[in-house]
Amino acid sequence: MAGGETAVIIVAAGRGSRAGGELPKQWRDLRGKPVLAHTIAAFAGVGRIVLVLHPDDMALGLQHFAGKVVLVAGGDSRNASVRNALEVLDPDTFSTVLIHDGARPLASPGLIARVRAALDTAPAAAPALSVTDALWTGAAGVVTGLTPRDGLYRAQTPQGFHLAPIRAAHRAFKGDAKDDVEIALAAGLDVAIVEGEEENIKITWPGDFARAERILGGSMDIRTGNGFDVHAFTEGDHVMLCGIRVPHSRGLLGHSDADVGMHALTDAIYGALAKGDIGRHFPPSDPQWKGAASEIFLAHAAGLARNKGYRLSNADVTLICERPKIGPYALEMTSELSRIMGVDPDRISVKATTSERLGFTGREEGIAAIATVTLVRP
Ligand code: MG
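The shown structure was predicted, so the numbers you read here are calculated from the model rather than taken from an experiment.

S.K.: Give me the lowdown on helix 8 (residues 260-273), citing residues and values where you can.
M.R.: The end-to-end C-alpha distance of helix 8 is 20 Å, a good match for the 20 Å that 14 residues give at a rise of 1.5 Å each. Taking burial as the measure, the 14 residues of helix 8 include 13 buried ones, the bulk of the element. Count one or two residues on from helix 8 and you reach A274, which has phi positive near 55 degrees.

Okay, structure coming up:
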């Protein structure tokens with residue numbers, strides 16, 4: 001057999017109005033990226049991906065997936081869409097093809113491997129689950145009878161085929177088909193059943209988004225960030241540390257209120273998000289931040305984390321100085337940081353250390369602070 005590579009056709013040309021929302025379901029957000037981005041990621045490393053989109057969605061496709069997939073415009077039915085994609089596959093390169101619903105973002109590597117393995121011995125193979133619930137017929141809200149469930153399966157995708165026979169089957173097929181197995185059967189191909197997965201859901205109804213999010217919840221995202229900051233002493237009668245005014249014989253020099261602890265904490269959050277640092281979001285060259293309360297910076301970073309779906313699991317701030325003494329203010333600092341970030345105070349630690357009179361903090365030339373945060377997206 002020429003070629004021998006596997007291609008993947010992802011069919012996403014429908015408008016998907018049943019799942020609600022203004023965007024077609026395959027473009028709606030699922031944990032920070034479009035459903036289709038999850039679907040495409042599930043097939044990473046399997047082979048060339050051909051993505052079939054509604055003609056109106058081609059610009060969206062380029063915006064999200066340029067360079068990652070081959071884009072093909074769909075036809076006016078599901079089988080017309082699949083046929084368009086099959087026609088761009090060179091049989092000298094590809095011997096097998098997996099055809100998958102764009103709205104099934106949770107196909108597992110094991111499921112995909114089972115379908116591919118079955119193609120070693122069968123011209124076609126598709127995953128399915130046997131029906132375990134009782135099946136009724138009904139009318140007008142009343143059960144009218146029972147249907148035997150023996151031998152009944154719920155079909156899933158990816159459905160796998162040898163390229164030449166499924167292409168011939170598609171060319172010969174007339175009418176509308178629910179899936180590609182129907183087209184294979186019409187051409188007389190044997191289709192092997194492989195074990196499907198309950199989690200391989202097809203997003204159809206509004207509630208399916210919440211279910212997909214719960215299933216994806218198994219892959220919790222945990223991020224850690226650190227921040228470090230220094231401000232030099234200058235003339236003054238107090239310092240601002242973690243939002244609290246602490247009387248001292250000196251002040252701290254800085255463009256804003258020079259709250260070294262809050263700056264380190266803010267940078268730790270930006271760091272965990274891989275979103276730069278305070279200077280990037282609040283440039284010191286911009287006069288509007290002169291003398292600004294650092295609360296603005298911390299609230300911005302915490303809000304950014306929240307908007308991206310992260311919960312601040314804990315924060316630990318260490319202030320490094322000989323004086324002033326921090327201990328008497330530590331609780332107040334904790335509750336101020338708690339208020340600004342909207343996080344329970346028992347998840348926030350403020351502590352202090354000296355540097356044993358060594359270095360610039362030991363010589364009391366300034367105060368340093370380090371902070372660590374952990375962000376969790378369930
Ligand atoms: Mg600073």
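S.K.: An account of the packing of helix 8 against helix 11 (residues 330-341) is needed here, citing residue identities and associated values.
M.R.: Direction vectors running N to C along helix 8 and helix 11 enclose 40 degrees, while the axes themselves pass 12 Å from each other. As the angle between them shows, helix 8 and helix 11 are arranged oblique. The handedness of the crossing between helix 8 and helix 11 comes out as right-handed. Along its contact with helix 8, which presents M262, L265 and I269, the element helix 11 presents L337, I340 and M341. Here the residues of the contact of helix 8 with helix 11 are counted per class, giving six nonpolar, no polar and no charged.

S.K.: Kindly report on unusual backbone geometry, identifying the contributing residues and their values.
M.R.: Of the consecutive residues T157 and P158, the connecting peptide bond is found in the cis state with omega at 15 degrees. Residue P324 is bonded to the preceding R323 through a cis peptide linkage, with omega at -5 degrees. Located in the positive-phi region is E364, a residue other than glycine, with phi close to 60 degrees. Along the chain, the position of E364 falls in the loop between helix 12 (359-362) and strand 19 (366-377).

S.K.: Would you mind going over the sheet that holds strand 13 (residues 221-234) in detail, with residue names and values included?
M.R.: With mixed pairing, the five strands of this open sheet are ordered in space as 16-13-19-17-18. Every other strand in the sheet has two partners, leaving strand 16 (251-252) and strand 18 (348-353) as the edge strands with one partner each. The sheet contact formed by strand 13 and strand 16 spans two bridges and is antiparallel. From the neighbouring strand, T234 faces strand 16, where its bridge partner is G251.

S.K.: Any details on the pairing of strand 11 (residues 159-162)? Residues and values, ideally.
M.R.: It is a general feature of regular strands that their side chains alternate between the two faces of the sheet. Of the two faces of strand 11, the one carrying Q159 and F161 and the one carrying G160 and H162 are both buried. Two elements, strand 7 (residues 124-130) and strand 11, share two bridges in a ladder whose sense is antiparallel. Within the sheet, the bridge partner assigned to A124 lies in strand 11 and is F161.

Parameters and conventions
Residues numbered from 1 in each chain as written. Predicted model: local features only at pLDDT ≥ 70, side-chain atom pairs only at ≥ 80, totals over all residues. Heavy atoms only, no water. Helix = DSSP H or I, 4+ residues; strand = E, 2+ residues; numbered from the N terminus. Expected span 1.5 Å × (residues − 1). Buried < 20%, exposed > 50% of the residue type's maximum accessible area, 1.4 Å probe, protein only. Axes fitted to C-alpha atoms, helices over the stretch in contact; angles between N-to-C directions. Parallel < 35°, antiparallel > 145°, perpendicular 65-115°, else oblique. Left-handed = near helix turned anticlockwise from the far one by under 90°. Contact = heavy atoms within 4.5 Å. Nonpolar A, V, L, I, M, F, W, Y, C, P; charged D, E, K, R; others polar. Pairing = 2+ DSSP bridges.

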